[in-house]
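# A closer look at the structure
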Amino acid sequence: MRERKIGFIGGGNMAEALIRGMLAASFSAERIWVAEPRAERREWLEEHYGFAARADNGEVAKACDVLILSIKPQMINSVMPEIAEYFSDKKLLISILAGVSTQALESFLPGAPRVVRVMPNTPALVGEGAAGLCGGRHAREGDLTAAQQLLESVGVARVVTEKEMDAVTGLSGSGPAYVYTLIEALADGAVRQGLGRDDALALASQTVLGAARMVLETGEHPAVLRDRVCSPGGTTIAGVAALEEGNFRATLMEAVNRATQRSRELGNS
Ligand SMILES: NC(=O)C1=CN([C@@H]2O[C@H](COP(=O)(O)OP(=O)(O)OC[C@H]3O[C@@H](n4cnc5c(N)ncnc54)[C@H](OP(=O)(O)O)[C@@H]3O)[C@@H](O)[C@H]2O)C=CC1
Ligand SMILES: O=C(O)[C@@H]1CCC=N1
């Protein structure tokens, strides 16, 4: 993958997170192309990352071996024909679009198009992404491996079935937003009790990071780790009781559920 020209179609937030993570992982800027319609955004990307951004999707589609489709799902009907003109079985399309199936993408492309659908997340920007991916009907074994390697250069990547992709979207694609809300709310709670804002945000963020690493590195179930924090008659169980009263777990499950449903809707629209 590192030797191939990689072209992003759409230079927005998620594309930038992947690009920044890839550059930090020693991908050469010369091999990264971006198509982005807004001049101001093109200039900003060029200035910050040192590659030439293009206005024309066709120019990038023609020049690159691997295309990373990073437009909004709602734009697929206008953008895919511009790519299709230059697409062939020699090229690989990697889509990061929420909800849009490999079958829907294939229907725009000629021949037996090689398509891989991935659902990354923005922490890829700091090399801590969490992504799911699946191959389309004509994707070769090496295509899935290449896409997985690219995503693993910016975090963790799991191959899943296409049916599971909407749940991945509801969990890890959208998940950073849930966690930012959690961090903000934890910090607010401490500010309310008189702690300074900077200290509160630093301690809340590190607590989330530390707890996540405990789950990943000890291999213990989160409930076991939680029990070890809850001293009998102590402070934590009093806090946990408040979470239960507020339906914290049910609320998070519902957040994943709604985002998953929305991903399915985007695929059907
Ligand atoms: N944000 C996230 O956390 C994640 C997003 N995704 C997926 O990534 C995709 C992009 O999302 P996100 O980065 O958040 O959205 P953005 O709006 O930030 O990015 C979309 C980009 O596409 C550009 N664009 C608009 N029209 C065209 C066109 N005709 N041709 C080429 N590019 C065009 C936009 O340009 P302009 O500058 O004019 O707006 C913008 O830069 C979505 O499909 C989303 O589902 C997947 C995982 C996580
Ligand atoms: O909100 C969205 O639709 C995109 C997909 C996953 C994260 N952001």
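Residues numbered from 1 in each chain as written. Chains lettered and ligands numbered in written order. Predicted model: local features only at pLDDT ≥ 70, side-chain atom pairs only at ≥ 80, totals over all residues. Heavy atoms only, no water.

### Some details on the environment of L252
Condition: A run of DSSP states H or I qualifies as a helix once it reaches four residues; a run of E qualifies as a strand once it reaches two. Both are numbered from the N-terminal end.
As for its position among the elements, L252 is in helix α12 (residues 248-268). As a C-alpha pair, L252 and V60 span 192 residues in sequence and 40 Å in three-dimensional space.

### Side note on the sheet that holds strand β4 (residues 66-69)
What counts is decided by this rule: The rule for pairing is simple: two strands pair if DSSP sees at least two bridges between them. Two residues qualify as a contact provided that any one of their heavy atoms is within 4.5 Å of a heavy atom in the partner residue. Inter-axis angles, ranging from 0 to 180 degrees, are taken between N-to-C directions of lines fitted to C-alpha atoms, where helices are fitted over the stretch in contact.
Here 8 strands make up an open sheet; going across it, the order is β3-β2-β1-β4-β5-β6-β7-β8 and the pairing mixed. Lying at the two open borders of the sheet, with one neighbouring strand each, are β3 (53-54) and β8 (155-159). Bridge count for β4 against strand β5 (residues 92-95) is 4 bridges, and the pairing is parallel. Pairing of L67 across the sheet is with L93, part of β5. Contacts between helix α4 (residues 76-84) and the sheet are confined to β1 (6-9), β4 and β5, with β4 contributing the most and set at about 175 degrees to the helix.

### A few points about the site of ligand 2
Just so we agree on the cut-off: By convention in this text, a residue qualifies as near a molecule or strand provided that one of its non-hydrogen atoms is within 4 Å of it. For every accessible area listed, the method is Shrake-Rupley and the probe measures 1.4 Å; residues are considered covered only by the protein chains on display.
Lining the immediate environment of ligand 2, one finds A98, G173 and S174. Across the complex, the protein chains shield 44% of the 250 Å² of accessible surface that ligand 2 would expose by itself.

### Details of the UniProt feature "domain: Pyrroline-5-carboxylate reductase dimerisation" (unreviewed entry) in the protein
Worth spelling out the cut-off: UniProt positions are given in the numbering used here, feature names are shortened, and annotations may be inferred rather than shown by experiment.
Feature annotation in UniProt places "domain: Pyrroline-5-carboxylate reductase dimerisation" (unreviewed entry) on residues 162-266, given in this structure's numbering. Span residues 162-266 is 83% helix and 0% strand, its end C-alpha atoms 15 Å apart.

### Brief notes about the site of ligand 1
For clarity, the cut-off: In protein, a polar contact requires one atom able to donate a hydrogen and another able to accept it; more generally it is a pair of N or O atoms within 3.5 Å, and residues adjacent in sequence count only if both atoms are side-chain atoms. We call Asp, Glu, Lys and Arg charged. Ala, Val, Leu, Ile, Met, Phe, Trp, Tyr, Cys and Pro are nonpolar, and the rest, Gly among them, are polar.
Surveying the vicinity of ligand 1 reveals 21 residues, the closest of which are M14, E36, R38, I71 and M75. Between G12 and ligand 1, the recorded distance is 3.2 Å, taken from a backbone N or O atom to an oxygen atom. The separation between an oxygen atom of ligand 1 and a polar side-chain atom of K72 is 2.9 Å. For ligand 1, whose accessible area on its own is 890 Å², the fraction buried by protein is 77%. Across the shell around ligand 1, the residue classes break down as 11 nonpolar, 7 polar and 3 charged.

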